[in-house]
Amino acid sequence: DFESIKGIHTFKGVDYTDTITIRHLLSNRSGLPDYFHGETMKRLLNNHDEGWGYEKVIEYVKRQEALFLPGEGKKAKYIDTNFQLLGKVIETLFNLSFSDAIDAHIIKPLALKDTYLYDERVDQSLIHMTYKGNTLTLPKYMASIGPEGGIVSTAKDLNQFLFAFFEGKLFNNNILPSLYNWKLLFGPGLFFYGTGISMQPISLRKIKQGLIGHWGQSGAFAFYYPQKDLYMSGTINAITGHNKAAKVMMKVLKSL
């Protein structure tokens, strides 16, 4: 329903919402405002638990100025808003809730035994994240960000998904090269982003031959290293845990 999202991308007084494509969203090139920054991030990191589902995100971004035109030049910025919209696209295409769509098209086909979309109403076992040594208890927030990664899993299941992704068990992996249209991003962290997938450099000498996969907000990681045909998944369970996770992966690579 375009009318419900009209006005989410307003740049210098002009609405460009109808020019945004799915590829723009997947590649973080939409230029949409991001809800996950500033005061929102500050409240969450201060343990103020609140849900940020699709409707709330749409309402928020309509009041903000867009960052740049969709697909403009080489501009790209990691925007959580993109993934809330992609979640709604999935629900519309399959006529299923996001949870049921993930279950039907990923979890069941791959027989992932310990992976599910988090729901605070039925699951009180979530291991909490930390931030600067403080425990964050954010069940409402975690339950509201399914399309952004609000998923509970294990390292074993993550590796199983990662293997299936790169080996063509979910789709024809001939499309993979088309996803590797890398754009350098400076936040969060320094990495390259393609279409729905990221690449983490491991050296300046081979800056575009790094780890391919994705980071999670909690210091979670799921990466494939083509040069060694190696899959690595896990988590640090800390908002600022990405450096520690990267050191762990580098230690594994050096041991090989």
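Now for a quick tour of the structure. (Residues numbered from 1 in each chain as written. Predicted model: local features only at pLDDT ≥ 70, side-chain atom pairs only at ≥ 80, totals over all residues. Heavy atoms only, no water.)

1. Considering the overall build of the protein chain
Helix and strand counts for the protein chain stand at 10 helices and 12 strands. Whereas a compact globule of 256 residues would reach a radius of gyration of roughly 18 Å, the protein chain reaches 18 Å, a difference of no more than 12%. Seen through its principal axes, the protein chain has C-alpha atoms that stretch 55 × 45 × 40 Å. Looking at the 256 residues of the protein chain, the share that counts as buried comes to 42%. A separation of at least 24 residues holds for 57% of the contacts in the protein chain among residues at least 6 apart in sequence. Accessible surface, the protein chain: about 13900 Å² in total, of which carbon and sulfur atoms supply 56%. (Helix = DSSP H or I, 4+ residues; strand = E, 2+ residues; numbered from the N terminus. Rg over C-alpha atoms; globule rule 2.2 N^0.38 Å. Buried < 20%, exposed > 50% of the residue type's maximum accessible area, 1.4 Å probe, protein only. Contact = heavy atoms within 4.5 Å. Areas by Shrake-Rupley, 256 points an atom, 1.4 Å probe, with all protein chains shown as cover.)

2. Remarks on the sheet that holds strand β12 (residues 230–234)
Taking strand neighbours across the sheet as the criterion, the six strands line up as β7-β8-β9-β10-β11-β12 in an open arrangement whose pairing is antiparallel. A strand with exactly one partner marks an edge of an open sheet, and here the two such strands are β7 (183–185) and β12. Neighbour-to-neighbour, the strand axes of the sheet open up by a mean angle of 30 degrees, direction not taken into account. Alignment of β7 against strand β8 (residues 191–193), held across three bridges, turns out to be antiparallel. (Pairing = 2+ DSSP bridges. Axes fitted to C-alpha atoms, helices over the stretch in contact; angles between N-to-C directions.)

3. Section: the nonpolar core
By size, the foremost hydrophobic cluster in this structure holds 31 residues, and its most contacted members are I8, Y35, L85 and Y141. Where this core is concerned, the elements lending two or more residues are α4 (54–61), α5 (80–94), β4 (129–131), α7 (139–144) and β8. Considering every element that reaches this core, the biggest residue donor is α4, with five residues. L85 has contacts with I5, I8, L25, L32, Y54 and I58, leaving out every residue within four places of it along the chain. Ranked by size, the runner-up nonpolar core spans 13 residues in total, among them L162, F192, I212 and Y224. (Core = buried A, V, L, I, M, F, W, Y, C linked by side-chain atoms within 4.5 Å.)

4. Things to note about the environment of R23
Along the chain, R23 turns up in helix α2 (residues 22–26). R23 gets classed as partly exposed once you look at its relative accessible area, which sits at 44%. Sequence spacing of R23 and G196 is 173 residues, and the spatial spacing of their C-alpha atoms is 8.5 Å. Look past the residues within four positions of R23 in its chain and what remains in contact with it is S178, N181 and T195.

5. Re the side chain of S144
For S144, the position within the fold is in helix α7. Polar contacts involving the side chain of S144 include one to the main-chain carbonyl oxygen of Y141, which spans 2.8 Å. (Polar contact = N/O pair within 3.5 Å; in protein donor to acceptor, adjacent residues only side chain to side chain.)

6. A short note on unusual backbone geometry
For N47, which is not glycine, the phi dihedral falls at a positive 70 degrees. With a phi close to 55 degrees, N95 is a non-glycine residue in the positive phi region. By the element assignment, N95 lies in the loop between α5 and α6 (98–107). Residue classification places N95 among the exposed residues on the basis of a relative accessible area of 69%.

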